[in-house]
Amino acid sequence: MNPYVLAILLSSLGLGTTLTFASSHWLLAWMGLEINTLAITPLMAQHHHPRAVEATTKYFLTQATAAAMILFASTTNAWMTGEWSINDLSSPIASTTFMTALALKIGLAPMHFWMPEVLQGLDLLTGLILSTWQKLAPLALIIQTAQNINPSLLTGLGILSALVGGWGGLNQTQLRKVLAYSSIAHMGWMIIIIQYAPQLTTIALGTYIIMTSAAFLTLKTLTTTKMNTLATTWSKNPVLASTTALVLLSLGGLPPLTGFMPKWLILQELTKQNLPITATIMALTALISLYFYLRLCYTMTLTISPATTNSITPWRTKTTQTSLPLSLFTTSALGLLPMTPTILMLTT
């Protein structure tokens with residue numbers, strides 16, 4: 001892709017998200033989301049592969065549907081209350097429609113069906129943008145309006161997403177689909193706590209972005225998208241294989257890794273809010289997710305590829321990719337747990 005075109009598209013992505021962050025008017029927020037969608041569409045279709053074009057079409061249709069629902073919800077709210085302000089979402093019909101639309105935008109269950117299919121058709125860097133940057137603007141809107149949305153709806157979406165994210169990932173052999181289901185599960189954790197402690201949602205989003213970036217950049221460095229090719233990782237790069245196993249366990253939420261921090265704080269807050277059953281269900285769904293991360297770790301570090309690969313043996317080639325972002329994200333994904341009190345102090 002032409003570097004000038006790429007620069008325009010990436011700056012439009014930034015502009016769309018910033019516009020949504022800064023807006024207090026529904027139409028401006030909607031405009032920011034639309035700029036975001038239109039900027040990432042060419043990035044998704046840039047390889048002209050049938051799978052990429054199919055993924056782009058699916059993504060565009062779901063995002064357009066969500067945008068139309070947001071417009072409908074904000075118009076309904078303005079009609080009933082006479083207000084276009086984001087904070088003034090007092091109509092129950094509008095707030096439910098709006099939450100459904102944003103759930104569709106970020107891929108919360110049961111509106112998650114597009115997410116694994118779209119991610120599977122993309123290359124790893126565009127998949128990384130889709131899994132991290134594209135979540136920011138909708139989540140900012142959800143945080144702003146969470147107090148006006150039915151608590152039962154938020155709890156239901158959160159539990160269902162955590163369950164579906166764990167359950168759906170169990171049967172996958174494609175790594176991008178595993179990461180898509182991982183994304184759905186993490187979104188569930190963020191939504192479940194958003195009405196009680198929005199700052200914990202911010203912490204969970206930050207740690208999720210760090211861990212997912214580390215995972216995607218690792219897969220890009222290893223040039224692997226299937227589980228069976230992970231078995232050759234140890235021969236290619238033993239150090240990277242070890243750190244990747246730890247990053248996957250961090251995504252699963254094991255102490256003493258960074259991924260344990262948001263889960264621990266969220267479960268603690270749910271217990272404080274006198275919701276022990278919800279906390280127990282969320283802890284159990286984390287176990288389901290942990291199983292498929294452990295499966296990936298097992299494939300990567302405890303098995304040797306059973307037969308020679310059909311391609312030229314890949315582990316003798318030197319990579320020319322820059323490793324600084326990967327090392328930064330991996331270090332953050334493994335070692336931020338001791339910083340928990342500082343992070344809590346900064347966000348509250």
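- The protein is annotated in an unreviewed UniProt entry as NADH-ubiquinone oxidoreductase chain 2 from Tor khudree.
- What the UniProt record of the protein gives under Function (unreviewed entry) is the line "Core subunit of the mitochondrial membrane respiratory chain NADH dehydrogenase (Complex I) which catalyzes electron transfer from NADH through the respiratory chain, using ubiquinone as an electron acceptor. Essential for the catalytic activity and assembly of complex I."
- Word for word, the UniProt comment on the protein under Subcellular location (unreviewed entry) is "Mitochondrion inner membrane".

### Here we look at the pattern of salt bridges
Move 1: Inspection of the entire model under this criterion finds four salt bridges.
Move 2: Its salt-bridge partner being Lys-58, residue Glu-54 comes within 2.8 Å of it at the nearest N-O pair. With Glu-54 and Lys-58 both in helix α3 (residues 50–81) and four residues apart, this pair spans about one turn of that helix.
Move 3: Overall, Glu-54 belongs to the partly exposed group, its relative accessible area being 35%.
Move 4: Its relative accessible area of 29% is what places Lys-58 among the partly exposed residues.
Move 5: Across the pair Glu-117 and Lys-58 runs a salt bridge whose closest N-O atoms are separated by 3.7 Å. Of the two residues, Glu-117 sits in helix α5 (residues 114–120) while Lys-58 sits in helix α3, which places them 59 residues apart along the sequence.
Move 6: Within the structure, one salt-bridge network assembled from shared partners comprises Arg-51, Glu-54, Lys-58, Glu-117 and Lys-177.

About the criteria used
Residues numbered from 1 in each chain as written. Predicted model: local features only at pLDDT ≥ 70, side-chain atom pairs only at ≥ 80, totals over all residues. Heavy atoms only, no water. UniProt positions renumbered as here; feature names shortened; annotations may be inferred. Salt bridge = Lys/Arg side-chain N within 4 Å of Asp/Glu carboxyl O. Helix = DSSP H or I, 4+ residues; strand = E, 2+ residues; numbered from the N terminus. Buried < 20%, exposed > 50% of the residue type's maximum accessible area, 1.4 Å probe, protein only.

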